[in-house]
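Observations on the three-dimensional arrangement
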Amino acid sequence: MTDTKIRIQQVSKVFQTRGQSVQALQDVSLNIGPNEFITFVGASGCGKSTLLRSIGGLEQHSSGQILVDEHVVDRPGIDRAMVFQHYSLYPWLTVSQNIKFCRQLKVVSDTVRNEGDIELASGRADALINLMGLSAFCDAYPNQLSGGMQQRVAIARALMPKPQILLMDEPFGALDAQTREVMHDLIRHVHRLEKSTILFVTHDVEEAIYLGGLVVLMAP
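What comes next concerns the included structure.

1. Some remarks on the side chain of threonine 39
Counting through the fold element by element, threonine 39 comes out in strand β3 (residues 37-41). Here threonine 39 is in contact with Phe200, Ala208, Leu211, Gly212, Leu214, Val215 and Val216, once residues within four sequence places are set aside.

Here is the structure:
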C-alpha cells in the first residue's frame, strides 16, 4: 500500500506559440500524499496552472509522467475535480441544479434511473448546500449571487461526486479581501470534512502559507 497519492516525475511542457517554443514546465518532480493540502505559489507565467491542468488530465505534458494511485494520468477522471478562478456556472440553472448537474450527467450516462441513486444525489447536494452556507439561496440563479457565493456553488459542484483530488486554480483571485478570508476558513473546513487531497494554485504568498500544509514555490 503506497502513501503517495500523486506522483509527478520529471514533467516538462513546451508550448508552440507563433513558431516559437515556450518552456512552461521543466523537469518537475513531486510526491503528494493522501489528504494533503498543497499550495503552489509563484509569479504569473511560472507554470502553476499548467501543472494543475496536467494533473487534472486537461493538458498533455511534453515529457515525464503523472500518476494518481500509480495509474498514469492521460485524461480527466471523476476522481479529480477542478475549481477555476471564474465560476463557470450554468446561468439557466439554480444553485441546487448547478450542484446536482454532474451527478445527473453520470446517472444518465450510466443509464441508471434508480430512485435510490437520485435520492442519494439529492441528499449529498443538500448537505453541500448546507456546508457552503447556501441554504437560503438554493433556488436562486447565479446572477442573483455575489462573487463569493458563486464560488461556493462552484466548489460544492466540484465536491458533488466525492472526488479524491480537488484542484483549485486561483479560485479566490477575483474576490475582495474580506470574502477571501471567509473562503480560506471554509476551504480548510471542507478539507477536514471531505478528507480529499487539495492542490491549490495562487500568486499570493500569504494565502499559500495560510492554507498549505506544504508550500511549493515555482519560478519562471
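The discussion continues.
2. Some words on the packing of aromatic side chains
What the rule picks out here adds up to four aromatic pairs. Ring geometry for tyrosine 90 versus tryptophan 92: centroids 5.4 Å apart, planes at 45 degrees, classification tilted. For tryptophan 92, a relative accessible area of 58% puts it in the exposed group. Ring geometry for tyrosine 90 versus phenylalanine 101: centroids 4.7 Å apart, planes at 55 degrees, classification tilted. Taken together, the positions of tyrosine 90 in the loop between β6 (80-83) and α2 (95-109) and phenylalanine 101 in helix α2 put the pair eleven residues apart, joining distant regions of the chain. Here tyrosine 90 falls in the partly exposed class, since its relative accessible area comes to 27%. Classification of phenylalanine 101 as partly exposed rests on a relative accessible area of 26%. Feature note: the residues Phe37, Phe172 and Phe200 constitute an aromatic cluster, connected by ring pairs. The residue whose ring lies beneath lysine 13 is phenylalanine 15, and the NZ or CZ to ring-centre distance is 4.9 Å. Over the ring of tyrosine 210 we find arginine 188, and its NZ or CZ is 4.6 Å from the ring centre.

The rules behind each value
- Residues numbered from 1 in each chain as written.
- Predicted model: local features only at pLDDT ≥ 70, side-chain atom pairs only at ≥ 80, totals over all residues.
- Heavy atoms only, no water.
- Helix = DSSP H or I, 4+ residues; strand = E, 2+ residues; numbered from the N terminus.
- Contact = heavy atoms within 4.5 Å.
- Phe/Tyr/Trp six-rings, centres within 6.5 Å; stacked < 30°, edge-to-face > 60°.
- Buried < 20%, exposed > 50% of the residue type's maximum accessible area, 1.4 Å probe, protein only.
- Lys NZ or Arg CZ within 6 Å of the ring centre and 35° of its normal.

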